[in-house]
Amino acid sequence: MTDTKKFSTAKIVTTAAAVVAAGAVGAAAASAAPAAAAKPTVKADASDRNLTQSTHLTIAAATKAAQASLDAAAKEGQKVSVAVVDRNGNTLVTLRGDGAGPQSYESAEKKAFTAVSWNAPTSALMGRLSQTPNLKDIPGTLFLPGGAPVQAKGAPVAAVGVAGAPSGDLDEKFAQAGVAALNG
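For clarity, every value in this text was computed on a predicted model and none was experimentally measured.

1. Looking at the environment of threonine 114
Link 1 in the chain: Of note, threonine 114 is situated in helix H3 (residues 102-118).
Link 2 in the chain: Along the sequence, threonine 114 and leucine 144 sit 30 residues apart, while their C-alpha atoms lie 9.3 Å from each other.
Link 3 in the chain: Beyond its immediate stretch of four places on either side in the chain, threonine 114 contacts Thr122, Leu125, Gly140, Thr141, Leu142 and Phe143.

Now the structure itself:
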């Protein structure tokens, strides 16, 4: 073999060895990377003593209560809006009866929110305003008759609010009809 061929062959063998070595290092690094990244995961579950549970109405039940309130009002020729809120005051269902006034929609939601917040009919809460007049300043509340809480085992789980009848007594009567529909 000539010196040029020996040099060429040696250069090829050296280059091939370098490529094989680089491949081995790369493969080792690739397989080592996930192992290095796979650190123990911090468990994010809270222990039971840090949790609470609450009960909420289903949409079907909320709709049943709202429709029962609307039907009770229609039987008496009243044009009302009905809102059902969950335990947290979030609106689940709102029905605006045919011919109900534009203010009745929001008023029904606020009455329901107020009833669930204090776990009491809004007619009973009106008396508290004489002792604590600034209660009316709490956002989202309306201290007028027409809100009725829905309870499970004595705790509030929802509320029905009705607005639009000529008197709060009628609004509350219709709200109670919605609550009663859940018991049957």
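Structure shown, so let's carry the discussion forward.
2. Observations concerning the pairing of strand E1 (residues 81-86)
Link 1 in the chain: Taking burial as the measure, the 6 residues of E1 include 6 buried ones, the bulk of the element.
Link 2 in the chain: Residue alternation in E1 divides its side chains into two sets, Ser81, Ala83 and Val85 and Val82, Val84 and Asp86, and both sets are buried.
Link 3 in the chain: In sequence, E1 turns back onto strand E2 (residues 91-96) through a hairpin of 4 residues, with glycine 89 there showing a positive phi of about 85°.
Link 4 in the chain: With 6 bridges joining them, E1 and strand E4 (residues 155-163) adopt antiparallel strand pairing. Across the sheet, valine 84 pairs through a bridge with valine 160, a residue of E4.

3. Some details on helix H2 (residues 59-75)
Link 1 in the chain: The end-to-end C-alpha separation of H2 is 24 Å, in line with the 24 Å expected for 17 residues at 1.5 Å each.
Link 2 in the chain: When H2 is considered as a whole, its buried residues turn out to be Ala61, Ala62, Ala65, Ala66, Ala68, Ser69, Leu70, Ala72 and Ala73.
Link 3 in the chain: In this structure, the buried residues of H2 make contact with E1, E2, E4 and helix H5 (168-183).
Link 4 in the chain: Directly after H2, the chain includes glycine 77, whose backbone phi takes a positive value near 70°.

4. Brief notes about the sheet that holds E2
Adjacent strands of a sheet form backbone hydrogen bonds with each other and so pair up, either parallel or antiparallel.
Link 1 in the chain: One open sheet holds the 4 strands; their spatial order is E2-E1-E4-E3, and the pairing between them is antiparallel. Pairing within the sheet leaves two strands with one partner each, and these edge strands are E2 and strand E3 (147-152). Neighbour-to-neighbour, the strand axes of this sheet turn through a mean angle of 15°, independent of strand direction.
Link 2 in the chain: In this sheet, E2 lies alongside E1 in antiparallel orientation, the contact comprising 5 bridges. Bridge pairing in E2 links alanine 83 to threonine 94.
Link 3 in the chain: Strands in contact with H3 are E1, E2, E3 and E4; relative to E4, the strand with the most contacts, it is inclined by about 155°.

5. Overview of the pairing of E4
Link 1 in the chain: Buried residues dominate E4, accounting for 8 of its 9 residues.
Link 2 in the chain: When E3 meets E4, the two strands line up antiparallel, connected through 6 bridges. What sits directly across from alanine 152, in E4, is alanine 155.
Link 3 in the chain: In textbook terms, the turn of a hairpin is the stretch between consecutive antiparallel strands, and for E3 and E4 this stretch comprises 2 residues, one of which, lysine 153, has a positive phi near 55°.

6. Details of the packing of H2 against H5
Link 1 in the chain: Running from amino to carboxyl end, H2 crosses H5 at an angle of 140°, the nearest separation of the two axes being 7 Å. Between H2 and H5, the angle is such that the two are oblique. The interaxial crossing formed by H2 with H5 has right-handed handedness. Residues Ala61, Lys64, Ala65, Ala68, Ser69, Ala72 and Ala73 of H2 touch H5, and the partners they reach there are Phe174, Ala175, Ala177, Gly178, Ala181 and Leu182.
Link 2 in the chain: Counted by class, the contact of H2 with H5 contains 10 nonpolar, 2 polar and 1 charged residues.

Calculation rules
- Residues numbered from 1 in each chain as written.
- Predicted model: local features only at pLDDT ≥ 70, side-chain atom pairs only at ≥ 80, totals over all residues.
- Heavy atoms only, no water.
- Helix = DSSP H or I, 4+ residues; strand = E, 2+ residues; numbered from the N terminus.
- Contact = heavy atoms within 4.5 Å.
- Buried < 20%, exposed > 50% of the residue type's maximum accessible area, 1.4 Å probe, protein only.
- Pairing = 2+ DSSP bridges.
- Expected span 1.5 Å × (residues − 1).
- Axes fitted to C-alpha atoms, helices over the stretch in contact; angles between N-to-C directions.
- Parallel < 35°, antiparallel > 145°, perpendicular 65-115°, else oblique.
- Left-handed = near helix turned anticlockwise from the far one by under 90°.
- Nonpolar A, V, L, I, M, F, W, Y, C, P; charged D, E, K, R; others polar.

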